[in-house]
Amino acid sequence: MLTRNSILITRLFLKVDFRNKDDAGFRRLIGIIITYLFANALITNNNFLRLDKPSFIFAALSVNFFFVAFIIVTDYAQLFFAKQQTEILKTLPVKQGDIFSAKIISSFIYLSIFPLTVSVPPAVFIYFYDNLIFDSIIFFISSIVFSYFIIALILLINSIVMLAAKGKSKIMIYVFQILFFIFIFSINSYSGKLSHSTNILGSAYAKYLPQYYFAMSIGSIYFLFTSIAVTLLLFAVTYIYLRNKYYALSEIAGSTDTKKDSIFKNLRLNFSFEGVEKLLLHNSSEKASYQLIKNLFANSTALKLRLFPVFLIPIVSTLVGVISGIPAMLVMTDNNNVMDTNILIISPAITMTTLMCIRLLYSNTKVSFDTDGDINWLYKYLPVERRKFSNGVIKFIYVYFLFPSVLITTLLLIIRLPLADVLINQLYLVSFGIFVNSFLNRFDRTLPFSIENTKFNTSSKYLEILYVLLFGIVFIVSQIFIFKSIIFVLIAVLLSAVISYLLNK
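Here the structure is a predicted model, which means the values were calculated and not measured.

K.L.:
I tried to follow the overall build of the protein chain on my own but got confused; where do I start?
P.N.:
Within the protein chain, the secondary structure is distributed over 24 helices and 2 strands. Here the analysis covers contacts within the protein chain between residues at least 6 apart in sequence; of these, 84% occur between residues at least 24 apart.

Structure representation (structure tokens):
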């Protein structure tokens, strides 16, 4: 039950979480809605054209699972915790439960955007199966309930793992994130194999997945009310657990890591990126920003939780494709046949996630930490040139995330695909990804960690998904033509490199 204090604190958090100095909050909100509606409409249309009604519902809920759970895992600390505000409120005669209640209400007001936007497109398409508006309404309700079920489940599990890892290595958190992404990519690869001939209701594998039972709600009021009851019960358990652990979790989420020797030093291996860094960093601004984010990443739990889950996405997507052996998860196909090009084209399921990874990693370095406040005043008094200073951060992303990710995915892919084809694909992918980053950075006006840590500002990074989709279409279409000849690929790589260099000047 909400107390007077919790209502007052909720109002405070709503003002703090949704503040927007540049009056761009509403535009960001519209941008988020358009991004998710556009992306999900494309996916939904593809599922509608190839699946029968039960399989379509299952696939739509699987997409819902991915989108909503991705937000929770990658934005866990920013969504539910505010260490600076919590530390201040703790000094006042306010109960821990009131602070948590206020923060959770504020967070769920923001999170409600995503269940709505991922549920609308499939609710519209499902009408065209039997021309029944009732089916669309029931699906929409079931999809919304499923979203909140996933939010509560992932929030509970992630919080338990965070508490279990307190004072220890973050390996437990990373293992959970790896397993989580394997699970959701496995679900989506399973959904990708569905067809009109698939009897989803008779599938033994599908019965172990939660969306199967929520999909049953369309034809059964019993399943609908049962799913609502189970979701409410799960929410109650999650709420009670987090209410009692909120201060401890807030402390962990905003903590600073203690300096530790690297695993390579402990193994007495002389492993260092110093040679690469000297080659890549061309001026004092780049060196300063590179060392800044390098030190922050080494010592900040919050930054690790921002970057590491995104880094995992292309690796896990590749791993699932290699393990499953599904052709469409490994190479581009046409009517279930490998596309007729001289060079095999790696599946967009892998390349698109890599492009998304590059952009989201950089976007995660724009938002400040909860304890920093506005640091733009500091940049005004420093001899900082925005593009050069941002280049140092981007190069950190390349050295510590992009190139290791590409190396790992390459080693995984050569298990199933010819080495030469994989290397050509990865070379073109990296050159194109760097070009996209350089192009978008040319028009960017923000400095690293200069955007206030608010809900609207944090969510603006998801507009990058729309940019990736648009550039991804260009990338995929270009591959069809360029991969006719190795000469064309080398010319395209060279052009991308030259243009990227000029854009970064």
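Next, the rest of the story.
K.L.:
I keep staring at helix H3 (residues 53–74) and nothing clicks. Help me out?
P.N.:
Every α-helix winds through 3.6 residues per turn, so residues three or four apart in the chain are directed the same way. The terminal C-alpha atoms of H3, which comprises 22 residues, lie 32 Å apart, in line with the 32 Å expected from a rise of 1.5 Å per residue. Here H3 lies mainly inside the structure; 21 of its 22 residues are buried.

K.L.:
Just checking my understanding: could you explain the nonpolar core for this structure?
P.N.:
Soluble globular proteins tend to pack their nonpolar side chains together in the buried interior. Core analysis: the biggest nonpolar cluster contains 143 residues, and Phe 181 and Tyr 428 have the highest contact counts within it. Filtering out sequence-adjacent residues up to four positions away, Tyr 428 remains in contact with Phe 475, Ser 478, Gln 479, Ile 482, Phe 483, Val 489, Ala 492 and Val 493.

K.L.:
Help me understand the packing of H3 against helix H7 (residues 113–125) in this model?
P.N.:
Angle between the axes and distance between the axes: these two values describe a pair of packed helices. H7 packs onto H3 with a crossing angle of 165° between their chain directions and a minimal axis gap of 10 Å. When the interaxial angle is binned, H3 and H7 end up roughly antiparallel. Crossing hand, H3 versus H7: right-handed. Between H3, through Phe 56, Ala 60, Asn 64, Phe 67, Val 68 and Ile 71, and H7, the contact on the second element is made entirely by Phe 114, Val 118, Ser 119, Pro 122 and Phe 125. Residues belonging to the contact of H3 with H7 are distributed by class as follows: 9 nonpolar, 2 polar and no charged.

K.L.:
Would you take a moment to explain unusual backbone geometry for this structure?
P.N.:
Glycine aside, negative phi is the norm for most residues, and most peptide bonds take the trans geometry. Unusually for a residue other than glycine, Asn 131 sits at a positive phi of about 55°. Within the secondary structure, Asn 131 sits in the loop between helix H8 (127–130) and helix H9 (133–164).

K.L.:
Sorry, what's going on with the packing of helix H18 (residues 348–363) against helix H21 (residues 419–442) here?
P.N.:
At a minimum axis distance of 10 Å, the contact between H18 and H21 shows a crossing angle of 35°. H18 and H21 meet at a crossing whose hand is right-handed. Residues Thr 351, Thr 354, Leu 355, Ile 358, Arg 359 and Tyr 362 of H18 form the contact with H21, whose participating residues are Leu 429, Phe 432, Gly 433, Val 436, Asn 437, Leu 440 and Asn 441. Across the contact of H18 with H21, the residue classes tally to 7 nonpolar, 5 polar and 1 charged.

K.L.:
Looking at this model, I keep getting lost on the pattern of salt bridges. Mind explaining?
P.N.:
Two side chains that carry opposite charge are able to pair once their charged atoms sit near each other. Enumeration over the complete set of coordinates arrives at 3 salt bridges. The partner of Asp 130 in a salt bridge is Lys 53, with the nearest N and O atoms 2.8 Å apart. In this pair, Asp 130 is assigned in helix H8 and Lys 53 in helix H3, connecting sequence segments 77 residues apart. Under the relative-accessibility criterion, Asp 130 is labelled partly exposed at 42%. Assessed through its relative accessible area of 18%, Lys 53 is described here as buried. Put simply, Lys 395 and Glu 286 hold a salt bridge, and the shortest N to O gap is 2.8 Å. One end of the pair, Lys 395, is in helix H20 (residues 386–413); the other, Glu 286, is in helix H15 (residues 284–299), with 109 residues separating them in the sequence. Look at Lys 395 and you get buried, because its relative accessible area is 14%.

K.L.:
Looking at this model, I keep getting lost on the packing of aromatic side chains. Mind explaining?
P.N.:
Centre distance and the angle of the planes are the two values used to describe a pair of aromatic rings. For the coordinates displayed, the defined rule picks out 27 aromatic pairs. Between the aromatic rings of Tyr 212 and Tyr 213, the centroid separation amounts to 5.0 Å while the plane-to-plane angle is 85°, which identifies the pairing as edge-to-face. On the basis of relative accessible area, Tyr 212 is assigned to the buried category, the value being 7%. Residue classification places Tyr 213 among the partly exposed positions, given a relative accessible area of 39%. Taking NZ or CZ as reference, Lys 304 lies 5.4 Å from the ring centre of Phe 297, over its face.

K.L.:
What is the right way to look at a nonpolar patch on the surface in this model?
P.N.:
On the surface, a nonpolar cluster with roughly 710 Å² of combined accessible area is contributed by Leu 427, Ile 486, Ile 487, Phe 488, Leu 490, Ile 491, Leu 495 and Ile 499. Per-element tally for the nonpolar patch: the top contributor is helix H24 (residues 486–503), with 7 residues. Tracing the sequence through the fold places Leu 427 in helix H21.

K.L.:
Whenever I open this one, the environment of Phe 176 confuses me. Can you help?
P.N.:
Inspection of the secondary structure assignment puts Phe 176 in helix H10 (residues 171–192). Once the C-alpha coordinates of Phe 176 and Met 162 are considered, the two residues, 14 residues apart in sequence, prove to be 9.8 Å apart. In this view, Phe 176 contacts Ile 157, Asn 158 and Val 161; residues no more than four positions away in its chain are not counted.

K.L.:
Where do I start with the environment of Ser 289 in this structure?
P.N.:
Mapped onto the fold, Ser 289 is located in helix H15. Ser 289 sits in the buried class, given a relative accessible area of 0%. The sequence separation of Ser 289 and Phe 389 amounts to 100 residues, and the corresponding C-alpha distance is 5.6 Å. Sequence-distant contacts of Ser 289, that is, excluding residues within four places in its chain, are made with Lys 388, Phe 389, Gly 392 and Val 393. A distance of 3.2 Å separates a polar atom in the side chain of Ser 289 from the backbone oxygen of Glu 286. For Ser 289, the side chain forms a polar contact with the main-chain oxygen of Phe 389, separated by 2.5 Å.

K.L.:
What should I look at first to understand the side chain of Ser 500 in this one?
P.N.:
Structurally, Ser 500 is set in helix H24. Engagement of the side chain of Ser 500 in a polar contact is seen with the backbone oxygen of Ser 496, the distance being 2.7 Å.

Conventions and cut-offs
- Residues numbered from 1 in each chain as written.
- Predicted model: local features only at pLDDT ≥ 70, side-chain atom pairs only at ≥ 80, totals over all residues.
- Heavy atoms only, no water.
- Helix = DSSP H or I, 4+ residues; strand = E, 2+ residues; numbered from the N terminus.
- Contact = heavy atoms within 4.5 Å.
- Expected span 1.5 Å × (residues − 1).
- Buried < 20%, exposed > 50% of the residue type's maximum accessible area, 1.4 Å probe, protein only.
- Core = buried A, V, L, I, M, F, W, Y, C linked by side-chain atoms within 4.5 Å.
- Axes fitted to C-alpha atoms, helices over the stretch in contact; angles between N-to-C directions.
- Parallel < 35°, antiparallel > 145°, perpendicular 65-115°, else oblique.
- Left-handed = near helix turned anticlockwise from the far one by under 90°.
- Nonpolar A, V, L, I, M, F, W, Y, C, P; charged D, E, K, R; others polar.
- Salt bridge = Lys/Arg side-chain N within 4 Å of Asp/Glu carboxyl O.
- Phe/Tyr/Trp six-rings, centres within 6.5 Å; stacked < 30°, edge-to-face > 60°.
- Lys NZ or Arg CZ within 6 Å of the ring centre and 35° of its normal.
- Patch = residues over 30% accessible without salt bridge, like charges linked within 9 Å, V, L, I, M, F, W, Y side chains within 5 Å.
- Areas by Shrake-Rupley, 256 points an atom, 1.4 Å probe, with all protein chains shown as cover.
- Polar contact = N/O pair within 3.5 Å; in protein donor to acceptor, adjacent residues only side chain to side chain.

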